[in-house]
Amino acid sequence: MNGACRGVSFRDPSDQNCSVTGTIVTMNSSILKLDDPELDEDHAVFQQLILSLLMSPRGETIQALDALRTHASSHFSTEDADLRRLGGSNAHCRLDEHAAVLRSLEEVRAVVSSRRLEHHVEARLVDSLANELLHWLPAHVQEMDAAVAQQRSKERWGGAPLQFLSGNRKLS
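Notes on the structure in this doc start here. (Residues numbered from 1 in each chain as written. Predicted model: local features only at pLDDT ≥ 70, side-chain atom pairs only at ≥ 80, totals over all residues. Heavy atoms only, no water.)

## Structural notes on the pattern of salt bridges
When the charged atoms of two side chains with opposite charge come close together, those side chains can pair.
And step 1. Applying the stated criterion across every chain, the model contains four salt bridges.
And step 2. With a closest N to O distance of 3.6 Å, E122 and R58 form a salt bridge. Here E122, found in helix α4 (residues 119-157), pairs with R58, found in the loop between α1 (37-55) and α2 (61-86); they are 64 residues apart in sequence, far enough to count as distant.
And step 3. For R58, a relative accessible area of 30% corresponds to the partly exposed category.
And step 4. Between D82 and R85 there is a salt bridge; the shortest N-O distance is 3.2 Å. Placement of the pair is D82 and R85 together in helix α2, with a separation of three residues, close to one helical turn.
And step 5. On the basis of relative accessibility, which here comes to 12%, the residue D82 falls in the buried class. (Salt bridge = Lys/Arg side-chain N within 4 Å of Asp/Glu carboxyl O. Helix = DSSP H or I, 4+ residues; strand = E, 2+ residues; numbered from the N terminus. Buried < 20%, exposed > 50% of the residue type's maximum accessible area, 1.4 Å probe, protein only.)

Here it is, written out as structure tokens:
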């Protein structure tokens, strides 16, 4: 592993949405598509910022954390407004999940900016956060954000778009 960049510290072998090649993590981006242009773009940026954090050189970790936190905060703010408006039994759970992600980003940033950890321990902490977010994002999008996208579609067009599945692939 290159000393300036961090690689992947673990991977769930059963996870079909992410794969590892050397120190590069790839994610099947189609799993982040909900046929809502705003959400799809936000999720693509979210994914890219997580990957940027994972691969950031030590001197750029705080900037990468800040960029990810800024995007996450903006994205969650928009979703949270939709969730509060839509209500429902899962809205509180989703709001709590968003808050937990932001709290994790803030906590890791505080530790990294304190410079109290040895480099390899700091790198493992940031790797762990980035990897957890990479594994969390597809499930969050498909299980939580899909409801927001569906409701937005209903409001715009009077119904949700049809999605055709072939095996595990969405063909919409």
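Past the structure itself, the notes keep going.
## Quick notes on the packing of α1 against α2
And step 1. Packing of α1 against α2 brings their axes to within 9 Å, and their N-to-C directions diverge by 160°. Of the possible angle classes, the one that applies to α1 and α2 is roughly antiparallel. By crossing handedness, the relation of α1 to α2 is classed as left-handed. Mapping the contact onto sequence places E38, L39, D42, H43, V45, F46, L49, I50, S52 and L53 in α1 and T61, A64, L65, A67, L68, H71, A72, H75, F76, T78 and E79 in α2.
And step 2. Partitioned by chemical class, the residues of the contact of α1 with α2 number 12 nonpolar, six polar and three charged. (Axes fitted to C-alpha atoms, helices over the stretch in contact; angles between N-to-C directions. Parallel < 35°, antiparallel > 145°, perpendicular 65-115°, else oblique. Left-handed = near helix turned anticlockwise from the far one by under 90°. Contact = heavy atoms within 4.5 Å. Nonpolar A, V, L, I, M, F, W, Y, C, P; charged D, E, K, R; others polar.)

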